[in-house]
Amino acid sequence: MLPISMLGGILFYEWIAYIRFLTPYLIFAMLFFTFLRVSPREIRITKFHWSLLVVQLVGCWIAYLAGLSISGLVAQGMFICMLISTATSAPVITGMLGGSVPRLATYSLLSNITFAVASPLFLSAITDTAISFSESFYKICAEVLPLILVPFITAQLVRYSVPKIYDRLVKYQSISFYLWAVALFIVVGNSVSFVMQQPLNELGDMIWLALGSLVVCCAQFYIGRRIGGAFGDKIAGAQGLGQKNTILAIWVAMTYLNPLSSVAPAAYVAWQNIINSSQIYFKQRRDSRLS
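Residues numbered from 1 in each chain as written. Predicted model: local features only at pLDDT ≥ 70, side-chain atom pairs only at ≥ 80, totals over all residues. Heavy atoms only, no water.

A. Molecular detail of the state of the cysteines. Going through the model one piece at a time under the given rule, you end up with zero disulfides. The thiol of Cys60 is unpaired, and the distance to the nearest cysteine sulfur, on Cys81, comes to 12 Å. Among the residues examined, Cys60 registers a relative accessible area of 0% and is labelled buried. Of all cysteine sulfurs in the structure, the one in Cys218 sits closest to Cys217, which takes part in no disulfide; the separation is 5.5 Å. For Cys217, a relative accessible area of 0% corresponds to the buried category. (Disulfide = S-S within 2.5 Å. Buried < 20%, exposed > 50% of the residue type's maximum accessible area, 1.4 Å probe, protein only.)

B. Main features of the layout of surface pockets. One number sums up the size of the largest pocket: a volume of about 850 Å³. Contributing to the lining of the largest pocket are 33 residues, with Thr23, Asn245, Thr246, Ile247 and Leu248 lying nearest its centre. Broken down by element, the residue count for the lining of the largest pocket peaks at eight residues, all from helix H9 (residues 175-196). One number sums up the size of the second largest pocket: a volume of about 420 Å³. Around the second largest pocket, the lining comprises 19 residues; the ones closest to its centre are Ser191, Val192, Val195, Ala266 and Ala267. Of all elements in the fold, only helix H1 (2-11), H9, helix H10 (203-230) and helix H13 (263-290) reach the threshold of two or more residues within the lining of the second largest pocket. In the lining of the second largest pocket, the residues fall into 17 nonpolar, two polar and no charged. (1 Å grid on protein atoms, 1.4 Å probe; cavity = no way out; pocket = protein on both sides within 12 Å on 5 of 7 lines; lining within 4 Å. Points joined across faces, edges and corners; volume = space filled by probe spheres on them. Helix = DSSP H or I, 4+ residues; strand = E, 2+ residues; numbered from the N terminus. Nonpolar A, V, L, I, M, F, W, Y, C, P; charged D, E, K, R; others polar.)

Dropping the structure here:
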C-alpha cells in the first residue's frame, strides 16, 4: 500500500493541491488513535532522548561541513535535513513497527521544541538573512506543537472520561496505517509538485541535493538505531532521528536559506518513506511466518 501511495503521489501531483488541506486533519487522526495507547505516566525524558538530541544538534554541523565539499547549496540542504525536528507522524510508524510509542512521542515533542529554540541561532550562522527569534519560534511552535499536543490531550480525555468508547476505539489501531497511506500520497505529491516547479537549468544542483539528503537520511536511521539499541529500543531510536518533519523543513529552507536547498527535504520524503515501507513490509512478512 505504501509504495502505491508514493507512486500515486508522483503520478497525480498536479491534482494534490485540491486535497492538500486534509494533511493536518489526517495527522491529527493518526496521532489520536496512536496516543490512545499512551498513558501520561509514560511521558518522561531520559538519557535516550538526550542522546538523540545531541546527534540532531551536533550532526547538522557535521553534515554542513561535509556538504561544503560539494557546494554551499548542498551544505544548506544537508544541514536542514539533519537539524529539522522529528515528524509528527513518527509515533505512528514506531507503533506499527513494535517500538515504544511513549518514548518516541516524548522525543517528538522535545525535538520540535528544541528546533524552535535553536533554529534562529543555527540558521543565522549559515545565512545572511536576518532571523527574528520570536517570529521564528512562534511560527514553528504554532505549526507543530498543536499537531502533537491536541491529539494527545484528546486521547487522554477519551481514556478517562468515556472508558467504554475508549475500549472500543483502542481496538482499531490499524486505522492509523491507512490514514498514513493517504497522508503519504499527499506529501509525496506536494514534494513532486514542488520539484517540478524548479528550473531545468538547476537540475545538476537538484541531483546533488537529492543525493546529499539520501546520505543524511541513511546516516540518521543508522545512528538512531545504534543509539536505540543501547537503550533497548532500536525502532524508536531510528524513527526519532530518521523520520523528519519534511514539510516544516521545506518551509524553513524556502524562508531562511537558498530556496533551492528545499529540494533536499523534498527528496528526503522519498528516502525516509522507502525505508519505512521496507521495514513495515519485512515486519509483516516476519510476523506472518511466526503466526
